[in-house]
Amino acid sequence: MDVLHVSCGAVAASSSAGANPLDRAPRRRRTGSGRDVMFPLSVNRWRDDLSLTWCTAQRRNEASYALEDKEDPETVEAEELTGRIELPSVGSTEVTMSEDEYEDVIEEDQAQIGIRLNIVFVTAEAAPYSKTGGLGDVCGSLPIALADRGHRVMVVSPRYLHGVSDVNIARAADVGSKIKISCFGGEHEVAFFQEYRAGVDWVFVDHPSYRRAGNPYGDKYGAYGDNQFRFTLLCHAACEAPLVLPLGGFTYGEKCLFLVNDWHAALVPVLLSAKYRPYGVYKDARSILAIHNLAHQGVEPDTTFPNLGLPSEWYGALEWVYPTWSRAHALDPGKAVNILKAAIVTADRIVTVSQGYAWEITTPEGGNGLDELLRTRKRVLNGITNGIDVDDWDPASDKHIPFHYSVADLSGKVKCKMALQKELGLSIRPDCPLIGFIGRLDMQKGTDLIMSAMPDLLQDDIQFVMLGSGDPGTEQWMKASESAHRDKFRGWVGFNVSVSHRITAGCDILLMPSRFEPCGLNQLYAMRYGTVPVVHCTGGLRDTVENFNPYADEGRGEGTGWTFSPLSKDSMLRAVKVATRTYRDHSVSWEGIMKRGMAKDLTWDSAAAQYEQVAQWALVDPPYAR
Ligand SMILES: Nc1ncnc2c1ncn2[C@@H]1O[C@H](COP(=O)(O)OP(=O)(O)O[C@H]2O[C@H](CO)[C@@H](O)[C@H](O)[C@H]2O)[C@@H](O)[C@H]1O
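What counts, and at which threshold
Residues numbered from 1 in each chain as written. Predicted model: local features only at pLDDT ≥ 70, side-chain atom pairs only at ≥ 80, totals over all residues. Heavy atoms only, no water. Buried < 20%, exposed > 50% of the residue type's maximum accessible area, 1.4 Å probe, protein only. Helix = DSSP H or I, 4+ residues; strand = E, 2+ residues; numbered from the N terminus. Pairing = 2+ DSSP bridges. Right-handed = clockwise from strand over helix to strand, strands pointing away. Salt bridge = Lys/Arg side-chain N within 4 Å of Asp/Glu carboxyl O. Contact = heavy atoms within 4.5 Å. Polar contact = N/O pair within 3.5 Å; in protein donor to acceptor, adjacent residues only side chain to side chain.

Draft legend 1. Structural detail: the pairing of strand β17 (residues 286-291). Taking burial as the measure, the six residues of β17 include six buried ones, the bulk of the element. Looking at chain direction, strand β16 (residues 257-261) and β17 are connected through five bridges and run parallel. Bridging across to β17, L257 finds its partner in R286. Handedness of the β16-helix α6 (residues 267-276)-β17 crossover: right-handed. As paired elements, β17 and strand β21 (residues 349-352) share four bridges and run parallel to each other. Within the sheet, the bridge partner assigned to I288 lies in β21 and is R349.

Draft legend 2. Up close: the pattern of salt bridges. Evaluation of the coordinates by the stated rule reveals 21 salt bridges. Between R159 and D206 there is a salt bridge, with the nearest N and O atoms lying 3.2 Å from each other. Placement of R159 in the loop between β10 (152-158) and α4 (166-169) and of D206 in strand β13 (residues 200-206) is noted, with a sequence separation of 47 residues between them. On the basis of relative accessible area, D206 is assigned to the buried category, the value being 9%. Through salt bridges that share partners, R159, D206 and R211 make up one connected network.

Draft legend 3. Inspection of helix α14 (residues 497-506) at higher detail. Counting buried residues along α14, eight of its 10 residues qualify, which places the element largely inside the surrounding structure. All buried positions along α14 are accounted for by V499, S500, H501, R502, I503, T504, A505 and G506. Its buried side turned inward, α14 meets α11 (411-424), β23 (434-441), β24 (463-470), β25 (489-493) and α15 (522-528). Structurally, the start of α14 carries an N-cap: the backbone nitrogen of S498 is 3.0 Å from a side-chain oxygen of N496.

Rendered as structure tokens:
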């Protein structure tokens, strides 16, 4: 008996629909190589030339099927195709089948997976090519999860050079297609670069405005003054990419699903409706707006509208009037264009990155002025909690950390802690609670609360490390606090992915007093690394961190961290104190919290299946039309 362990998007897709994928009769194929091999695999249909590649979800290993030689062998026709499958258990295997069989496989595969989509992500950042925060993480890993499920996926983002992660972007090759984009009073030529990696076409739009020092949005002097131009260009280019780029020999074509992320990509749904559909192009395309942070909307004076390359009658979609209290002076009419608002109006579906946040943005407290509009679109608004890249963030194999560990053997965790203490120049004390903070130094992240609570926090026998960049005042405070409390506090000013992994692994507690948090990734990374999150009970933090209850489950306890509310210094201090006391005095409970966090399923599987569902709903409805 020959046993292959395979898993595939089709299995996960049907499981999301409620059916047990393991109830399905396994499909067996007699192959030319003399073996029976089962193909519930996602076949890269768009690459169906003779050098076939069968893509499997290499990271998943959900189902195993016994392949027996008992069934009647199916006839293998003379004309055979040969391809290679990558299976975790057996490595790379060459298989052969007839063209008819191949067609059957595709048919069955399509029936299982539902509709195979051409998905075009549009984003200002995608890790590892560019990253300033969680948007980069999500757009670097969700596309791969969707490609694993059998979809054809392209990610379009700027080709930043002299930026944060040039080395990775430099691997992408010139596709050889140049186009001219009309906007901002002229024609601007852009080129496209591409790298095919992990089943995804990573496409980079090249233009001189993306080549400058600093991060994708600004430099030490603040945000770039031409960001509206830079991201308008990105949106126009992203709309052209599926039509003009022969990636792997074939364009994506018009029947696409655009998944546009935050305001930088938010002009895309407007362009589909205003620039393309009137000419019969993109009639079957749909768009989903993913809101990672409603606080940033891409608002500029209304006089900039003619620059955007839209027909004048579309002004209303972008029109935005500031409330009187926020206008500059009494004669200021407060007229502006708001790009995110335009996408909320014109996108076929809207997704936020947690269910809690999906509700919060429809309230005046969380809506950043757009709550009323969002309430009118509630029917198409869903929350899908982010997953994480569990390969990149895996304490058992993380290349950034000095020791490895897992839920089965936690011994490496304390070694990581001691190594971190040594690296930071703190005294090496495995018993002293080490608390960490990682993030943008911004009002959103509640760093002001940390600053005001620090004198109280440091009265306790703890160590504290902060990693972050952003607000110059907070950066100064971190440096000053480090000088004042050399025995207990370290402030690492800057953006450093490797250090963020070592802090996540080395700390006992991760503090996240975010004022609002659409999803939050650091608490997910922390749980995966057995680092206990203490978080403000808001948005995605409330959805993902379960408050510790020592009495639940017949005294075994349940929960993966602490959530505090309201957002005040006192309630945060109380939560931190309870956490540090539990760490010191109740090691069994502590280990339980760590292990429950580490055992959580944080993969993208569930989120990717939900994105698929939303895409299917988008396809059922007609596209946005005025
Ligand atoms: N100085 C530094 N050095 C190294 N790494 C650093 C760093 N500062 C931040 N990071 C990293 O950047 C990412 C931040 O992710 P978050 O989800 O916390 O925040 P962000 O607010 O940017 O994202 C927005 O989008 C994401 C994705 O949807 C939502 O989870 C979130 O709530 C929303 O605000 C993490 O990977 C973190 O480790």
